[in-house]
Amino acid sequence: MTNRRLVTITDNASGSSVECEVLEGVHGRSVLDIRALPSKLGYFTYDPGFASTASCSSAITYIDGQEGVLLYRGYPIEQLAEHSSFLEICHLLLYGELPDKARWKEFNAEIRRHTMVHEGIRRFIAGYNHDAHPMGMLVGIVGALSTFYHDTLDISDPEHRELAAIRLIAKLPSIAADCYKYSIGQPFMYPINSLGYVENFLQMMFSVRAEPYIPSPVAVRALELMMILHADHEQNASTSTVRLAGSSGANPYACVAAGIATLWGPAHGGANEAVINMLQDISDPAEIPKYVERAKDRNDPFRLMGFGHRVYKSFDPRATIIRQACHDLLQDLDAGNQPLLEVALRLEEIALQDEYFIERNLYPNVDFYSGIILRALGIPLNMFTVIFAISRSVGWVTHWMEFFTADDQRIGRPQQRYVGAARRDFVPMKDRG
Ligand code: CMC
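Residues numbered from 1 in each chain as written. Predicted model: local features only at pLDDT ≥ 70, side-chain atom pairs only at ≥ 80, totals over all residues. Heavy atoms only, no water.

I would appreciate a short explanation of the side chain of D47 in the present structure.
The topology assignment puts D47 in the loop between α1 (37-41) and β4 (61-64). No salt bridge is formed by the buried D47, whose closest oppositely charged neighbour, R310, lies at an N-O distance of 7.1 Å. Within the structure, D47 has its side chain in polar contact with the backbone nitrogen of A51 (distance 3.3 Å). Only 2.3 Å separates the side chain of D47 from the side chain of T53, close enough to count as a polar contact. Excluding anything up to four places from it in sequence, D47 contacts S52 and T53. (Helix = DSSP H or I, 4+ residues; strand = E, 2+ residues; numbered from the N terminus. Buried < 20%, exposed > 50% of the residue type's maximum accessible area, 1.4 Å probe, protein only. Lys, Arg positive; Asp, Glu negative; His and termini not counted. Salt bridge = Lys/Arg side-chain N within 4 Å of Asp/Glu carboxyl O. Polar contact = N/O pair within 3.5 Å; in protein donor to acceptor, adjacent residues only side chain to side chain. Contact = heavy atoms within 4.5 Å.)

Laid out in structure tokens, this is it:
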């Protein structure tokens, strides 16, 4: 018999107690299985923001926020960022292993086969106002994809699930580029499947039918890196949303649309756009102390965008990698004299020496630098979070698929502590004065 580690929780008032098993992980903190707590002690746990709650067991991504570690399927992000490609990361996340040569060829072909979008989607896009935010468009269009694939929506069928995952990864760049082309009044471009995934996206975004377009290899690599770093991040808000939506049996397109909607918020994926807005507002390094003081003022809702992280409390390993890439890119693009970067670097320096930020472990996160990279690549501001969504699509669908193979899958249904009006009786309108 294996040694079970148990933690006993005792209610001092009633004297009742419950034994909770400690469940070990491969890395990181163990978790306390509190499932018996309500039936044995009559309590739920209270954990706003789920900061102390593991909602599932997962074999996809591991983060150690104290040590600044990020592993995809066991591989350190630093090694993947240096040696791998976004599409290879997609395979690794989806199937758990790096592909061998034959499998790599097959996977590439599968993704390429699905890069085109139904022409009906383009008519759908044409219904949006010309100044619609592309994230709003993306939420709607991805949700609408389910209406095009009725025949492959049986989520109990692993083949249907895999096909949906491939379709989402393959089509998101095409849909995103279509949204952009529509917003600037240019004709939609079709994917060119001889190009790599990232190159193809840049081609659909920036080429026009009248002229040839060759994206710079430096730009392709910088974007590829950014996408690798954003591919998954375990149980963040949007991924948890996708899993929660998936737990109800909703179709994968609806679940990913819910993830996109969650990503849009400035405290999550919208941060890279918010960082640039903030740097533009600051505009002059001399103004930085004023903004830092505002960020420290409890009565002012202003926060330094791109600083802080729920999980990383020493440094964000993605930020370390992308910071260097950001400098390299700006040098290569001969954009070394970027005033925005000057503001960014000065802000980083000032904040990192400030007691308020040191005490609270507030360091620049990945989005502090990714916004600067996207801007240097000529990506319009309102497309920043869309690119994050393309990158995260693989993480979302991998978690969505993992949910169906878990032996403890249940519909997600958090509890609450009710603090509203106590029970009272209805008073008819005529008696209410
Ligand atoms: N600027 C100023 N103060 C901050 C900031 C900030 N960016 N972030 C946190 N704090 C303070 C906060 O006021 C609190 O202070 P006190 O203890 O005096 O009340 C303390 O630090 C702890 O903050 P918290 O809100 O409890 O931390 P959290 O883990 O709930 O929030 C966060 C994490 C990322 C939402 C938050 O740091 C934030 O709003 N950052 C700015 C937005 C941002 O950059 N988001 C991108 C996250 S990375 C991309 C991704 O993974 O989605």
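Which parts of the structure should I look at to understand the pairing of strand β5 (residues 69-72)?
Here is the key point about a regular strand: its side chains alternate between the two faces of the sheet. The pairing of β4 with β5 spans four bridges and is classified as antiparallel. Along β5, the bridge assignment pairs T61 with Y72. Taking the residues between adjacent antiparallel strands as the criterion, β4 and β5 are bridged by four residues, where G68 takes a positive phi near 70 degrees. For β5 and strand β6 (residues 75-76), the ladder comprises two bridges, and the chain directions are antiparallel. Bridged to Y72 within β6 is Y75. (Pairing = 2+ DSSP bridges.)

Please clarify how the pattern of salt bridges should be interpreted in this entry.
Opposite charge on two side chains permits them to pair, given that their charged atoms come into close proximity. The final tally for this structure, using the stated rule, is 18 salt bridges. Between R360 and E359 there is a salt bridge, and its shortest N-O distance comes to 3.7 Å. For R360, a relative accessible area of 36% translates into the label partly exposed. Assessed through its relative accessible area of 57%, E359 is described here as exposed. Between D425 and R423 there is a salt bridge; the shortest N-O distance is 2.9 Å. Comparing D425 with R423, the two get one shared label, exposed. The network of salt bridges with shared partners includes R103, E106 and E110.

Would you mind showing me how to read the site of the ligand here?
In the neighbourhood of the ligand, 19 residues make up the surrounding shell, with H268, R298, L304, G306 and R310 lying closest. The backbone of A267 places a nitrogen or oxygen atom 3.3 Å from a nitrogen atom of the ligand. Contact with the protein chains covers 77% of the free accessible surface of the ligand, which is 950 Å². For the shell around the ligand, a count of residues per class yields nine nonpolar, five polar and five charged. (Near = heavy atom within 4 Å. Areas by Shrake-Rupley, 256 points an atom, 1.4 Å probe, with all protein chains shown as cover. Nonpolar A, V, L, I, M, F, W, Y, C, P; charged D, E, K, R; others polar.)

What should I look at first to understand the side chain of T385 in this one?
Position of T385 relative to the elements: it lies in helix α18 (residues 384-405). In this structure the side chain of T385 is engaged in a polar contact, spanning 3.4 Å, whose partner is the backbone oxygen of G269. Setting aside chain neighbours within four positions, we find T385 in contact with M135, L263, W264, G269, G270, N272 and E273.

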